[in-house]
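# Results of the structural survey
Take a look at the letters that make up each chain.
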Amino acid sequence: AQSVTQLDSHVSVSEGTPVLLRCNYSSSYSPSLFWYVQHPNKGLQLLLKYTSAATLVKGINGFEAEFKKSETSFHLTKPSAHMSDAAEYFCVVSAPSPNFGNEKLTFGTGTRLTIIP
Amino acid sequence: NAGVTQTPKFRVLKTGQSMTLLCAQDMNHEYMYWYRQDPGMGLRLIHYSVGEGTTAKGEVPDGYNVSRLKKQNFLLGLESAAPSQTSVYFCASNPTGRLSGYTFGSGTRLTVV
């Protein structure tokens with residue numbers, strides 16, 4: 001069984017300040033983890049993924065995430081927020097499964113990021 | 001532009017009506033999926049396909065049917081729409097089905113009244 005908890009449903013930061021979006025997971029397997037971003041009226045876009053290589057993962061648009069097994073966390077960060085970062089962010093855990101097309105994805109409920117000018 | 005295209009983008013149905021959502025991808029991906037997204041919930045898998053001519057049930061398949069007659073197309077059907085099927089529907093594709101990252105369409109917003 002696996003689950004994902006995004007600890008904040010809504011985060012607001014000022015432009016130019018750091019961003020922190022928190023994600024905790026549980027999984028029976030050694031998990032793979034993803035962050036996706038969804039801009040208004042758009043599909044989900046892959047930001048970054050962790051697949052058991054380096055624990056600090058760099059993604060697109062200056063985002064990065066650190067996999068911490070001891071804390072079962074995969075928090076998303078960015079040093080300086082930009083207005084274009086305003087969107088919904090989803091943390092996703094993947095585990096192998098004979099069903100669901102070889103892997104089961106479990107999505108978090110999302111964090112809406114607002115950037116204050 | 002390469003990617004996943006969903007049609008229509010918006011639709012309003014009356015209870016009991018039927019409709020088909022079309023998903024098309026031009027990346028030669030084997031795996032295709034239909035998800036629904038509801039407020040306060042993550043995406044949930046409705047049905048998926050691991051290749052042309054194959055389909056399988058996901059987490060929430062009831063009330064939906066799918067077909068994959070051509071590799072590039074994955075159709076989602078609602079035979080008798082219900083208000084509980086009001087949602088945003090996303091199609092996605094994946095080359096290998098595992099860890100390779102998914103390409104999502106821009107969604108279909110369906111309202112059943």
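Residues numbered from 1 in each chain as written. Chains lettered and ligands numbered in written order. Predicted model: local features only at pLDDT ≥ 70, side-chain atom pairs only at ≥ 80, totals over all residues. Heavy atoms only, no water.

## Some points on the interface of chain A and chain B
Stated formally: We call two residues in contact when some of their heavy atoms are within 4.5 Å. Only one rule defines a salt bridge in this text: a Lys or Arg side-chain nitrogen within 4 Å of an Asp or Glu carboxyl oxygen. Here a polar contact means two N or O atoms within 3.5 Å. Within protein one must be a hydrogen donor candidate and the other an acceptor candidate, and residues neighboring in sequence count only if both atoms are side-chain atoms.
Taken together, the contacts link 25 residues of chain A with 26 residues of chain B. Run the count over chain A and chain B and you get one salt bridge. Across the pair Lys-104 of chain A and Glu-59 of chain B runs a salt bridge, and its minimum N-O distance is 3.0 Å. Put simply, chain A and chain B have three residue pairs in polar contact (both at pLDDT 80 or more) between them.

## Here's the deal with the pairing of strand 4 (residues 31-37) of chain B
All names here are of chain B. Counted only if it meets this: Classification of residues uses two cut-offs on accessible area relative to the type maximum, computed with a 1.4 Å probe and protein chains only: under 20% is buried, over 50% is exposed, and between them is partly exposed. Secondary structure is summarised from DSSP: a helix means a run of H or I of at least four residues, a strand means a run of E of at least two, and numbering begins at the N terminus for each. Should DSSP find at least two bridges between two strands, the strands are taken to pair.
The element strand 4 is largely enclosed, with a buried count of seven among its seven residues. Burial along strand 4 is two-sided: the residues Tyr-31, Tyr-33, Tyr-35 and Gln-37 and Met-32, Trp-34 and Arg-36 are all buried. Relative to strand 9 (residues 87-94), strand 4 is paired through seven bridges, and the arrangement is antiparallel. If you follow Tyr-31 over to strand 9, its bridge partner there is Asn-94. Bridge count between strand 4 and strand 5 (residues 44-49): five bridges; the pairing is antiparallel. Paired with Tyr-33 across the bridge in strand 5 is Tyr-48. The antiparallel hairpin formed by strand 4 and strand 5 contains six residues in its connecting segment, where Gly-40 sits at a positive phi of about 75 degrees.

## Overview of the pattern of salt bridges
Following the criterion strictly, the structure yields eight salt bridges over all chains and no others. A network of salt bridges, in which partner residues are shared, links Arg-36, Asp-38 and Arg-44 of chain B.

## Looking at the side chain of Arg-68 of chain B
All names here are of chain B. Heads up, the condition is: Charge counting follows a simple rule: Lys and Arg are positive, Asp and Glu are negative, and His as well as the terminal groups are ignored.
Examined against the element boundaries, Arg-68 turns out to sit in the loop between strand 7 (65-67) and strand 8 (73-78). For Arg-68, which is buried and forms no salt bridge, the nearest opposite charge comes from Glu-30, at a distance of 5.5 Å. At 3.2 Å, the side chain of Arg-68 and the backbone oxygen of His-29 are in polar contact. For Arg-68, the side chain forms a polar contact with the main-chain oxygen of Glu-30, separated by 2.7 Å.

## Examining unusual backbone geometry
Leaving glycine out, the prevailing phi sign among residues is negative, and the prevailing peptide bond configuration is trans. In this structure, Pro-8 of chain B follows Thr-7 of chain B across a cis peptide bond, with omega equal to -5 degrees. Relative to the assigned elements, Pro-8 of chain B resides in the loop between strand 1 (4-7) and strand 2 (10-13). Unlike most non-glycine residues, Asn-61 of chain A shows phi in positive territory, near 60 degrees. Among the structural elements, Asn-61 of chain A can be located in the loop between strand 7 (56-58) and strand 8 (64-68).

## Topic: the nonpolar core
All names here are of chain A. The criterion, for reference: Throughout this description, the term nonpolar core refers to a set of buried Ala, Val, Leu, Ile, Met, Phe, Trp, Tyr and Cys residues connected via side-chain atoms within 4.5 Å.
Core analysis: the biggest nonpolar cluster contains 26 residues, and Trp-35, Leu-48, Phe-74, Leu-76 and Tyr-89 have the highest contact counts within it. Among the elements that make up this core, the one with the highest residue count is strand 10 (residues 87-96) (four residues). Non-local contacts of Leu-48, meaning those with residues more than four positions away in its chain, are made with Leu-33, Phe-34, Trp-35, Val-57, Lys-58, Gly-59, Phe-63, Glu-64, Ala-65, Phe-74 and Leu-76.

## What to know about the state of the cysteines
Residue and element names in this part refer to chain B. Here is the rule: The disulfide criterion used throughout: a pair of cysteine sulfur atoms within 2.5 Å.
Within the structure shown, the criterion is met by two disulfides over all chains. For Cys-23, the disulfide goes to Cys-91, at an S-S distance of 1.9 Å. With the S-S dihedral at roughly -75 degrees, the linkage between Cys-23 and Cys-91 falls on the left-handed side. Taken together, the positions of Cys-23 in strand 3 (residues 19-25) and Cys-91 in strand 9 put the pair 68 residues apart, joining distant regions of the chain. In this pair, the class of Cys-23 matches that of Cys-91, namely buried.

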